[in-house]
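Given next are the chains, with one letter for each unit.
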Amino acid sequence: MTHTRLMVTGFLTLLLLTPFAQAEDAVLALKPEVQTAEWAKPWWMPRHEQKLAEIKAAEKIDLVMIGDSITHGWENAGKAIWEKRYAPRHALNLGYSGDRTEQVLWRFENGELDGYQAKLAVIMIGTNNTGHRQDKPEETAAGIKAIIDQLKEKQPEAKILLLAIFPRGENNQDALRKINDEINAKIKDFADGEKVHFLSLSNTFLEEDGTLPKKIMPDLLHPNTHGYELWAEAMEGKVKELLEEG
């Protein structure tokens, strides 16, 4: 039995005390799995191999960002900002388009946290659990908790910055945004103020009435370059604090 399976089993024991309890096999968010989407198959495993090679070649890795396409986008729309702010901090991008919590768990079990010791890990994951399957918020939260537990085990010296899932959809009435908001309400309690810290950047992107502007996220999900600038600026103070810079 793997370490992830042991941790998941323990967490599910706690879930059994709630009305939302389900058998482990039914909670897809907790089952480590490679990416199975047909559109991702040509590049997903090669990306994983590339990341393992980057880890092996790196002199050191102090900062690691973990997530889905929104984090992956630091290599695209956010590339210039990454090169300015994060490359000098010896950062590693572990964002993969289309990934849900279970893909992150698989990647962790298969080398992406091995061979280095980071100072800070930034996590934002879960919007694809919402968008692809509309998983129950407590199930996605359980997957995020398993990710945190793996980080604690494999990166014992790293602090963890858990970001609230970014807002999606046009306004507060969007069904998928409501699911993400419920997930965020649960995962904020994973923070202990010492090892794990929680930060919501929703107000950075939203208008006062809750509207998500297309000038920041043109498809109402993924930031454009301006969106990445806003993200980086809003997160900078916490990143500096947790990296103990100055």
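This is a predicted model, so every value here is computed, not measured.

Enquirer: Would you explain the pattern of salt bridges in this entry?
Expert: Throughout the structure, instances matching the rule amount to 20 salt bridges. R133 is paired through a salt bridge with E102; the nearest N and O atoms lie 2.7 Å apart. Of the two residues, R133 sits in helix α6 (residues 127-133) while E102 sits in helix α5 (residues 101-109), which places them 31 residues apart along the sequence. Across the pair E244 and K159 runs a salt bridge, and its minimum N-O distance is 3.3 Å. Taken together, the positions of E244 in the segment after α10 (225-243) and K159 in strand β4 (residues 159-163) put the pair 85 residues apart, joining distant regions of the chain. Salt bridges here are not isolated pairs; linked through shared partners, they connect E33, R100, E102, R133 and D135.

Enquirer: Can you help me understand the pairing of strand β2 (residues 91-95) in this one?
Expert: Looking down a regular strand, the side chains alternate between one sheet face and the other. When you tally the buried positions in β2, you get four out of five residues, the bulk of the element. Sheet topology note: the strand β1 (residues 63-67)/β2 ladder contains five bridges and is parallel. Paired with L63 across the strands is A91, a residue of β2.

Enquirer: Quick question: what am I supposed to make of the pairing of strand β3 (residues 120-124) here?
Expert: Counting buried positions along β3 gives five out of five residues, so the element sits mostly inside the fold. By the alternation rule, side chains of β3 split into L120, V122 and M124 and A121 and I123, which are all buried. Relative to β3, β1 runs parallel, the two being bridged by five bridges. Bridge assignment links M65 to a residue of β3, and that residue is V122. Bridging between β3 and β4 involves four bridges; their strand directions are parallel. Across the sheet, the residue bridging to A121 is I160, located in β4.

Enquirer: It is not clear to me how the confidence of the model for the protein should be interpreted in this structure. Could you clarify?
Expert: Any region with low pLDDT has predicted coordinates that should not be read closely. Averaged over all residues, the pLDDT of the protein equals 93, while 90% of them reach at least 70. Contacts for the low-pLDDT stretch residues 11-22, under 50 throughout, to residues beyond four places or in other chains number 13 contacts.

Criteria and thresholds
- Residues numbered from 1 in each chain as written.
- Predicted model: local features only at pLDDT ≥ 70, side-chain atom pairs only at ≥ 80, totals over all residues.
- Heavy atoms only, no water.
- Salt bridge = Lys/Arg side-chain N within 4 Å of Asp/Glu carboxyl O.
- Helix = DSSP H or I, 4+ residues; strand = E, 2+ residues; numbered from the N terminus.
- Buried < 20%, exposed > 50% of the residue type's maximum accessible area, 1.4 Å probe, protein only.
- Pairing = 2+ DSSP bridges.
- pLDDT = per-residue confidence, 0-100.
- Contact = heavy atoms within 4.5 Å.

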